[in-house]
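Spelled out, the chains give:
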Amino acid sequence: MRRIHVGNALSAFGLGFTVPYLYVYVAQVRGLGSLTAGLVLAVFAVAALIVLPFAGRAIVRRGPLPVLLAALVTAALGSLSLGLAGSAVAVLLSAAALGAGQAVMQPALATMIVDCSTTETRSRAFAMQFFLQNLGLGVGGLIGGHLVDTSSVSSFTLLFAIEAAMFLLLVAVMSTVRVPHAPRVDGAPGQLSAKGSWKQLLGNRAMVQLCVLGFVLFFACYGQFESGLSAYGVEAAGVSTSALGTALAANTAMIVVAQFAVLKFVERRRRSRVIAAVGLIWAVAWVAAGYAGLGHGSQEMATAAFISTYALFGLGEAMLSPTVAPLVADLAPSGMAGQYNSAFALVKQLALAVGPAVGGPMGAALHGPYVVTFLLFSLGITYLALRLGRELTAVQDRPWLGKSRVVAQGAVSGVGQSEARA
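All chains use their own residue numbering, which begins from 1 and follows the written sequence. Thresholds applied to this predicted model are a pLDDT of at least 70 for local features of residues and 80 or more for the giving and counting of side-chain atom pairs; totals over whole chains, interfaces and linings are not thresholded and use all residues. Think of the side-chain values as coming from all heavy atoms in the structure, minus any hydrogens and water.

Peer 1: Would you mind going over the overall build of the protein in detail, with residue names and values included?
Peer 2: Secondary structure follows DSSP: runs of H or I at least 4 residues long count as helices, runs of E at least 2 residues long count as strands, and numbering of each begins at the N terminus. Helix and strand counts for the protein come out as 18 helices and 2 strands. Throughout this description, buried means an accessible area under 20% of the type-specific maximum (1.4 Å probe, protein chains only), exposed means over 50%, and partly exposed covers the range between. A buried classification covers 54% of the 422 residues belonging to the protein. In the protein, the proportion of contacts linking residues at least 24 apart, taken out of those at least 6 apart, comes to 87%. In these tables, accessible area is a Shrake-Rupley quantity obtained with a 1.4 Å probe, and a residue counts as shielded only by the protein chains included in the view. Summed over all atoms, the accessible surface of the protein reaches about 16500 Å², with 67% contributed by carbon and sulfur. Here, two residues are considered to be in contact whenever any of their heavy atoms come within 4.5 Å of each other.

Peer 1: Could you give an account of the environment of Leu346, naming the residues involved and the relevant values?
Peer 2: Its location among the elements puts Leu346 in helix α15 (residues 337–365). A sequence separation of 135 residues divides Leu346 from Cys211, and the C-alpha atoms of the two residues are 9.4 Å apart.

Peer 1: Describe the layout of surface pockets, naming the residues involved and giving the relevant values.
Peer 2: For the second largest pocket, the calculated volume is near 220 Å³. Looking at the second largest pocket, it is lined by 13 residues, and the ones nearest its centre are Glu120, Ser123, Glu267, Pro399 and Trp400. For the lining of the second largest pocket, the secondary structure elements donating two or more residues are α6 (119–147) and α12 (271–294). At 3 residues, the largest contribution of residues to the lining of the second largest pocket is made by α6. All residues other than Ala, Val, Leu, Ile, Met, Phe, Trp, Tyr, Cys, Pro, Asp, Glu, Lys and Arg, Gly among them, are scored as polar; the first ten of these are nonpolar and the last four charged. For the lining of the second largest pocket, the per-class residue count stands at 5 nonpolar, 3 polar and 5 charged. Only protein atoms enter the 1 Å grid, on which a cavity is a set of points fitting a 1.4 Å probe that cannot get out and a pocket is an open set with protein on both sides within 12 Å along at least 5 of 7 lines, lining residues being those with an atom within 4 Å of a point. Grid points are joined across faces, edges and corners, and a volume is the space filled by probe spheres set on the points.

Peer 1: Break down the nonpolar core for me, with residues and values.
Peer 2: Soluble globular proteins: nonpolar side chains tend toward being buried together. Counting residues in hydrophobic clusters, the biggest one holds 63 residues, and the most contacted among them are Met207, Leu210, Leu213, Leu229, Trp282 and Phe306. Breaking this core down by element, the ones donating at least two residues are α9 (205–220), α10 (228–235), α11 (241–266), α12, α13 (299–320), α14 (324–331), α15 and α16 (367–389). Each residue touching Leu229, except ones within four places of it in the same chain, is listed here: Gln224, Trp286, Ala289, Phe306, Thr309, Tyr310, Phe313 and Tyr370. With 50 residues, the next largest nonpolar core counts Ala37, Leu72, Leu98 and Val114 among its residues. As used in this record, nonpolar core signifies buried Ala, Val, Leu, Ile, Met, Phe, Trp, Tyr and Cys residues forming a set joined through side-chain atoms within 4.5 Å.

Peer 1: So, helix α7 (residues 153–174): which residues are in play, and what are the values?
Peer 2: Taking 1.5 Å as the rise per residue, α7 with 22 residues should run 32 Å; its terminal C-alpha atoms sit 32 Å apart, in good agreement. Within α7, the full set of buried residues consists of Ser155, Phe156, Leu159, Phe160, Glu163, Ala164, Met166, Phe167, Leu170, Val171 and Met174. Expected helix span is computed as 1.5 Å times (number of residues minus one).

Peer 1: Please set out the packing of aromatic side chains residue by residue, giving values where relevant.
Peer 2: Working definition: rings of Phe, Tyr and Trp (its six-membered ring) pair if their centres are within 6.5 Å, and the pair is stacked with planes under 30 degrees apart, edge-to-face with planes over 60 apart, and tilted otherwise. Scanning all chains against the criterion turns up 15 aromatic pairs. Geometrically, the ring pair formed by Phe218 and Phe344 is edge-to-face, given 6.0 Å between the ring centres and 65° between the ring planes. Of this pair, Phe218 sits in helix α9 while Phe344 sits in helix α15, and the two are 126 residues apart along the sequence. A single burial state applies to Phe218 and to Phe344, both of which are buried.

Peer 1: Explain the packing of helix α5 (residues 88–115) against α7 to me, and be specific about the residues and the numbers.
Peer 2: Angles here are taken between N-to-C directions and fall from 0 to 180 degrees, while the axes themselves are lines fitted to C-alpha atoms, restricted in helices to the stretch in contact. Their axes nearest at 14 Å, the elements α5 and α7 cross at an angle of 30°. The orientation of α5 with respect to α7, classified from their angle, is roughly parallel. The two elements α5 and α7 meet at a crossing, and its hand is left-handed. Contact residues: Leu98, Met105, Leu109 and Met112 in α5; Glu163, Phe167 and Met174 in α7. Across the contact of α5 with α7, the residue classes break down as 6 nonpolar, no polar and 1 charged. Roughly parallel covers angles under 35 degrees, roughly antiparallel covers those over 145, roughly perpendicular covers 65 to 115, and oblique covers all other angles. Left-handed describes a crossing whose near helix is turned anticlockwise from the far helix through less than a right angle; right-handed describes the clockwise counterpart.

Peer 1: Outline the confidence of the model for the protein, supporting the account with residue identities and numerical values.
Peer 2: Residue-level confidence of the predictor, termed pLDDT, takes values from 0 up to 100. Predicted confidence across the protein gives a mean pLDDT of 79, with 89% of residues reaching 70 or more. Note that pLDDT drops below 50 for residues 182–196; the model gives that stretch 58 contacts with residues more than four away or on any other chain. Low pLDDT, under 50, characterises residues 403–422; the predicted model gives this stretch 97 contacts beyond four residues in sequence or across chains.

Peer 1: Lay out the environment of Glu391 in plain terms, naming residues and giving numbers.
Peer 2: By secondary structure assignment, the location of Glu391 is in the loop between α16 and α17 (394–397). Counting along the chain gives 187 residues from Glu391 to Asn204, while the straight-line C-alpha distance between them is 10.0 Å. The contact partners of Glu391, leaving out residues within four places of it in the chain, are Arg205, Ala206 and Gln209. At a separation of 3.4 Å, a polar atom in the side chain of Glu391 contacts the side chain of Arg205. In the analysis that follows, any N or O atom pair within 3.5 Å is treated as a polar contact, provided that within protein one partner can donate a hydrogen and the other can accept it, and provided that, for residues neighboring in sequence, both atoms belong to side chains.

Peer 1: Describe the pattern of salt bridges, with residues and values.
Peer 2: The rule for a salt bridge is simple: a side-chain nitrogen of Lys or Arg has to be within 4 Å of a carboxyl oxygen of Asp or Glu. All told, the structure shown has 3 salt bridges when counted by the stated rule. A salt bridge links Asp397 to Arg270; the nearest nitrogen and oxygen atoms lie 2.8 Å apart. Of this pair, Asp397 sits in helix α17 while Arg270 sits in the loop between α11 and α12; the two residues are 127 residues apart in sequence, bridging distant segments of the chain. A relative accessible area of 28% means that Arg270 is categorised as partly exposed.

Have a look at this one:
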């Protein structure tokens, strides 16, 4: 588990080095224009949507570790070639490789976390993962920002080379991992074929409802961070770019500071009720955003309200990290961990692709409808979470009620002893 957490931190640190500066690198430093830069960002999402349906099946059949190692090597090659690419075609192909590798890492690492944890420790394990990911992204972005020089192509080449080195270092670390048998919980659905299929997954009513809930979660929050909400802040609330940066920092700071305090609060609460509470917290966040852009207070008050919106989102994220991912794990039948993780990751990618496309134009031009729309989506999270609670078994909703039960999965993992989850 320690190696897996180190892996999460390293991968996030590497991504933090480059992701915030991709647009500037492609459009300005390489001189390929804003259209190509926009296509690069789209390619990341498209690559993820293409590979994730196959990643789950591969994790089930081969085990998460070989899939993770292949994803890391692919991402390293994509990152290094992106730093060296000089043409639009080379940049897009490199971005596709990096995006595909990055997308597959997440369900593979999640599967490994599940297989290295018990029902009692799983929430804490995913909370630690989320904490380290945010810390890694923040530190990586901070250091990367001091290394880049928009007048020097070589500074960006160095950045992408460091990112590739992080992925290869992670290959070396993860190659030493021997994942144990996957712990299971009482009350899981009936055991399904290790081969798995989308038809079988879609037959799990609770999982389908969780995927719908997950789409709304990612659409209404994560899909707005760097698109609609930032555009709304600048256009409607009149916040400066420095205030926008402060808001993003407040989000990360809330997660880092509150994560483990929140964990103690949610560990003995029903998962469906925790998610429902997040919907209410985010509804308050959108009310604060509405005041920032539509209220008649001073600019200082508007800026403070806008920053509090991001901080409240961070509080909700801290509550979700030890709740949603473990629930996906506990809904998965034996041998289907990779399939369920990849399906949920696919839902996340869809929401992150649709969210900016819808929220961006609304946040920039339709200020009132934008706030009302996403306020309603937040309240919808509460409704969907309570509805999901009626589909869950007692142990799935309140995992502390049951004792963890280990079910051997070595036969389906393809790696001798294990199957892992991210």
